[in-house]
Each structure stands twice: as structure tokens, then as C-alpha cells.
Amino acid sequence: MKGPVWFGRWVNCIMNILMCALLATYVLWTVQHVPGNEALPILTPLSWFVSFIDSFFIGMFIGDWIPALNWGNKLADGLKLKGGFLRHIVSVAVLAVVMITCVSFLACYISNIQTLGWEGFLGTWTMVYPVLLVLGFVLEAVTLPLAFKIATAISGFDPAKAPAPEA
């Protein structure tokens, strides 16, 4: 559980725990408060746990297979942002769009397609997606640097001190 690969996995795991807890809470809270749903058992500990687990495993898969943060860094490089706050915002914006879009879409699909059909699934997803995107961006912008520090401590790998890759 050491080295560069595990550094990435630890960051992915930490960020998905936070992001999926937010996603599960917001989506279930929103659906619970749709008129007519107030008395239904939608936001329960069990439904939250199931929603969290679904989205967490989707997020881990997406995070391991889609290099969204690298895409964000490449965009920041293309914009000639050398470092600091603006570079972080651009990289996290790309990360948030990819992760929040993919995870929320797939988790909402899994949870709703069988019972609500395509219209119900798309209606639910489009209802929660804009707020999830904003909340996810803020969460990732604030917590990603901390996730890097924790992953560095656990994996023993610090990407800031790693040799530059060969061109």
C-alpha cells in the first residue's frame, strides 16, 4: 500500500468517501422533500448507506480509470497557469465535472431506472445535478490538498518530490 500507485488510490478513496457522503445525503434529502414524498421513508440510515456504497464503488472505479485530475492539470498547463490558487481551481473544476457527472449519473441510474424508468431517472438526475456539481466542486477544492497530504503520509510517496517523468 505504498508508492505512487497507492498514493493515487488513497487520494481517490479519501475524496470518494467525502464526495459520496455528500452525494448520498443531498440526493436523498432532496427527493425526500419533493412534494408528496414527505411521509415516505426515503432518507433513512439504510437508504443513505446503500446510496453511499453504490456511489463509492462507482467513484472508485471512475477515479482509477479516468485521469480527470491529470486532464485538469493539462488544461491548466495549456492556459499557462504556473501554480497557486487559479491553477488549483481549474484542475479541480475539470475533476469535479468528470467525477460528479459520472458518479451522480450512474448512481442515479442504478437507483432509479428499474422503478421510475428513463423519464423518472433523468428527471431525478437533472433535478439534483446542478447543486451536486457546485457542492462537489467546493468540497473537492477545499479537501483535495488535505487528501494529498494524508495520501502522502500513508503511501510514503510525495508527488512534489518525485522525479519528472521522461518525455
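All figures in this text were calculated on a predicted structure; none of them were measured in a lab.

Taken as a whole and judged by the stated rule, the model has 2 salt bridges. Across the pair Arg 9 and Asp 64 runs a salt bridge, and its minimum N-O distance is 3.2 Å. Here Asp 64 lies in helix 2 (residues 45-65) and Arg 9 lies in helix 1 (residues 4-32), a separation of 55 residues in the sequence. Classification of Arg 9 by relative accessible area gives partly exposed; the value is 32%. Residue Asp 64 is classed as partly exposed on the basis of its relative accessible area of 38%.

Here the largest pocket is characterised by a volume of approximately 1,200 Å³. In this structure, the largest pocket is lined by 41 residues; those nearest its centre are Phe 7, Leu 69, Asn 70, Asn 73 and Phe 148. Within the residue set of the lining of the largest pocket, elements represented by two or more residues are helix 1, helix 2, helix 3 (68-78) and helix 4 (85-155). Among the elements that take part in the lining of the largest pocket, helix 4 stands out by supplying 12 residues, more than any other. A class-by-class count of the residues in the lining of the largest pocket yields 23 nonpolar, 10 polar and 8 charged. Taken together, 23 residues form the lining of the second largest pocket, with Val 27, Leu 28, Val 31, Ser 111 and Asn 112 sitting closest to its centre. Elements that contribute at least two residues to the lining of the second largest pocket include exactly helix 1, helix 2 and helix 4. Each residue belonging to the lining of the second largest pocket can be placed in one class, and the counts come to 14 nonpolar, 8 polar and 1 charged.

One pass over the full model with this rule turns up 13 aromatic pairs. Between Phe 61 and Trp 65 the ring centres are 6.1 Å apart and the planes differ by 35°, which places this aromatic pair in the tilted class. Residue Phe 61 and its partner Trp 65 are located together in helix 2, separated by 4 residues, close to a single helical turn. Trp 65 shares its class with Phe 61; the two are exposed.

Note on placement: Ser 104 falls in helix 4. A polar side-chain atom of Ser 104 sits 3.4 Å from the main-chain carbonyl oxygen of Thr 101. Here Ser 104 is in contact with Leu 23, Met 99, Trp 125, Tyr 129 and Leu 132, once residues within four sequence places are set aside.

Thresholds, definitions, all that
- Positions within a chain are numbered from 1, following the residues in the order the chain's sequence is written.
- Under the rules for a predicted model, residues below a pLDDT of 70 receive no local features and side-chain atom pairs below 80 are neither given nor counted, while totals for whole chains, interfaces and linings still include all residues.
- To obtain the side-chain values, all non-hydrogen atoms of the structure were used and water was disregarded.
- Between Lys or Arg on one side and Asp or Glu on the other, a salt bridge is scored when a side-chain nitrogen of the former is within 4 Å of a carboxyl oxygen of the latter.
- The numbering of helices and of strands both runs from the N terminus, where a helix is a DSSP run of H or I of at least 4 residues and a strand a run of E of at least 2.
- The buried label applies to any residue whose accessible area, calculated with a 1.4 Å probe on protein chains only, is under 20% of its type's maximum; exposed applies above 50%, and partly exposed to all values in between.
- Cavities and pockets are found on a 1 Å grid laid over the protein atoms alone: a cavity is a set of points where a 1.4 Å probe fits but cannot escape, a pocket is an open set with protein on both sides within 12 Å along at least five of seven lines, and a lining residue has an atom within 4 Å of such a point.
- Grid points are joined across faces, edges and corners, and a volume is the space filled by probe spheres set on the points.
- Three categories are distinguished: nonpolar for Ala, Val, Leu, Ile, Met, Phe, Trp, Tyr, Cys and Pro, charged for Asp, Glu, Lys and Arg, and polar for the others, with Gly belonging to the last.
- The aromatic pairing rule takes the rings of Phe, Tyr and Trp, using the six-membered ring of Trp, and pairs them if the centres are within 6.5 Å, calling planes under 30 degrees apart stacked, those over 60 edge-to-face and the rest tilted.
- The definition of a polar contact used here is a pair of N or O atoms within 3.5 Å, where within protein one atom must be able to donate a hydrogen and the other to accept one, and adjacent residues in sequence count solely through side-chain atom pairs.
- Residues count as neighbours in contact if any of their non-hydrogen atoms are within 4.5 Å of one another.

Fair warning: the whole summary comes from geometry, so function is off the table for now.
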